[in-house]
Amino acid sequence: MTTSIYGLSDPVTHEFRYVGKTVGLVSKRVYRHIREAENGFDGHKARWLRKLLVRNLRPEVTLLEICSDSVWEQAEKLWIATLKRAGNNLTNETHGGRGVSNHLPEARAKISKANLGNRNARGPRMGETKRRLKLKGLAVGLHFRWHVNRSKHNPHCEFCQKGLGF
Ligand SMILES: [Zn+2]
């Protein structure tokens with residue numbers, strides 16, 4: 001049996017905003033996310049989706065990985081960490097995987113504070129400019145995948161506006 005790890009991104013900026021997993025069809029899971037948002041579910045993800053829905057937009061769906069069921073926790077954690085490090089503002093409320101041990105906002109705040117301290121002492125781990133470029137590269141890649149390759153000119157997309165690829 002396999003598990004699919006998928007990402008939801010903003011159709012305009014192409015920024016990844018959510019990483020999830022499902023053993024079923026990704027499209028069905030995404031449909032449920034949207035129904036939850038429409039039904040007023042709470043949480044960062046549902047609030048973000050509602051902001052898209054009122055603009056008549058839908059999230060972009062990217063299949064990130066298909067892995068064996070036994071390793072989905074590591075796979076999901078890795079994708080969340082990697083996309084966060086690349087500068088994506090994810091709405092995920094945990095670091096991925098199962099269990100509540102990784103859902104402790106207080107502990108997380110402490111850790112990020114400690115990391116900030118380290119960063120100042122040792123210099124940036126990944127420079128702000130480099131991180132922005134990486135995010136930009138990811139965004140351009142998704143623009144090609146979702147707009148150019150499907151011949152869908154999106155007037156809201158900054159790369160479509162620039163005529164990139166069209
Ligand atoms: Zn575009």
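Relevant structure appears above.
Report on the accompanying structure. Just so it is clear, the structure is predicted and the values come from calculations on it, not from any experiment.

Some points on the overall build of the protein
For step 1, the next point in the chain: Scanning the protein for helices and strands turns up six helices and three strands.
For step 2, the next point in the chain: Sequence-ordered secondary structure for the protein, helices as α and strands as β, is β-β-α-α-β-α-α-α-α.
For step 3, the next point in the chain: Buried residues in the protein amount to 22% of all 166 residues.
For step 4, the next point in the chain: A separation of at least 24 residues holds for 56% of the contacts in the protein among residues at least 6 apart in sequence.

Notes on helix H3 (residues 72–85)
For step 1, the next point in the chain: With 14 residues, H3 should cover 20 Å at 1.5 Å per step; its first-to-last C-alpha distance of 20 Å lies within 8% of that length.
For step 2, the next point in the chain: Taken together, the buried positions of H3 are occupied by Trp72, Ala75, Glu76, Trp79, Ile80 and Leu83. Each buried residue of H3 lies within a common arc of 130° when the element is viewed along its axis, so the set occupies one face. Residues of H3 that are exposed and angled more than 90 degrees away from the buried face: Gln74 and Arg85.

A few points about the environment of Thr91
For step 1, the next point in the chain: For Thr91, the position within the fold is in the loop between H3 and helix H4 (105–122).
For step 2, the next point in the chain: Taking the number of C-beta atoms within 10 Å as the measure of exposure, Thr91 has 17 and is therefore partly exposed.
For step 3, the next point in the chain: Sequence spacing of Thr91 and Trp48 is 43 residues, and the spatial spacing of their C-alpha atoms is 7.9 Å.
For step 4, the next point in the chain: Setting aside chain neighbours within four positions, we find Thr91 in contact with Arg17, Tyr18, His44, Lys45 and Trp48.

Description of the sheet that holds strand E3 (residues 60–68)
For step 1, the next point in the chain: On the basis of which strands lie adjacent, the open sheet formed by three strands has the order E2-E1-E3 and antiparallel pairing. On the outer flanks of this sheet lie strand E2 (16–22) and E3, each paired with one strand and no other. Sheet twist, expressed as the average angle between the axes of neighbouring strands with direction ignored, equals 20°.
For step 2, the next point in the chain: Note that strand E1 (residues 2–9) and E2 share six bridges and pair antiparallel. For Tyr6, the partnering residue across the bridge sits in E2 and is Gly20.
For step 3, the next point in the chain: Sitting on the sheet, H3 touches E1, E2 and E3, and the angle it makes with E2 is about 175°.

Here we look at the packing of helix H1 (residues 26–38) against helix H2 (residues 44–54)
For step 1, the next point in the chain: At a minimum axis separation of 8 Å, H1 and H2 run at an interaxial angle of 85°. If you check the angle between H1 and H2, you find them roughly perpendicular. Judged by residue contacts, His33, Ile34, Glu36, Ala37 and Glu38 of H1 engage Lys45, Ala46, Leu49, Arg50 and Leu53 from H2.
For step 2, the next point in the chain: For the contact of H1 with H2, the class distribution of residues is five nonpolar, one polar and four charged.

With respect to unusual backbone geometry
For step 1, the next point in the chain: At Asn56, a position not held by glycine, the phi torsion is positive, near 65°.
For step 2, the next point in the chain: Note on placement: Asn56 falls in the loop between H2 and E3.

Overview of the environment of Lys136
For step 1, the next point in the chain: For Lys136, the location among the structural elements is in helix H5 (residues 128–148).
For step 2, the next point in the chain: The class of Lys136 is partly exposed, set by 13 C-beta atoms lying within 10 Å.

Here we look at the pairing of E1
For step 1, the next point in the chain: The pairing of E1 with E3 spans eight bridges and is antiparallel. Bridging from a neighbouring strand, Ser9 pairs with Glu60 of E3.
For step 2, the next point in the chain: In this antiparallel pair of consecutive strands, E1 and E2, the connection spans six residues, and His14 shows a positive phi of 65°.

Thresholds, definitions, all that
- Residues numbered from 1 in each chain as written.
- Predicted model: local features only at pLDDT ≥ 70, side-chain atom pairs only at ≥ 80, totals over all residues.
- Helix = DSSP H or I, 4+ residues; strand = E, 2+ residues; numbered from the N terminus.
- Buried ≥ 20, exposed ≤ 12 C-beta atoms within 10 Å, placed from the backbone.
- Contact = placed C-beta atoms within 7 Å.
- Expected span 1.5 Å × (residues − 1).
- Arc of directions from axis to C-beta.
- Pairing = 2+ DSSP bridges.
- Axes fitted to C-alpha atoms, helices over the stretch in contact; angles between N-to-C directions.
- Parallel < 35°, antiparallel > 145°, perpendicular 65-115°, else oblique.
- Nonpolar A, V, L, I, M, F, W, Y, C, P; charged D, E, K, R; others polar.

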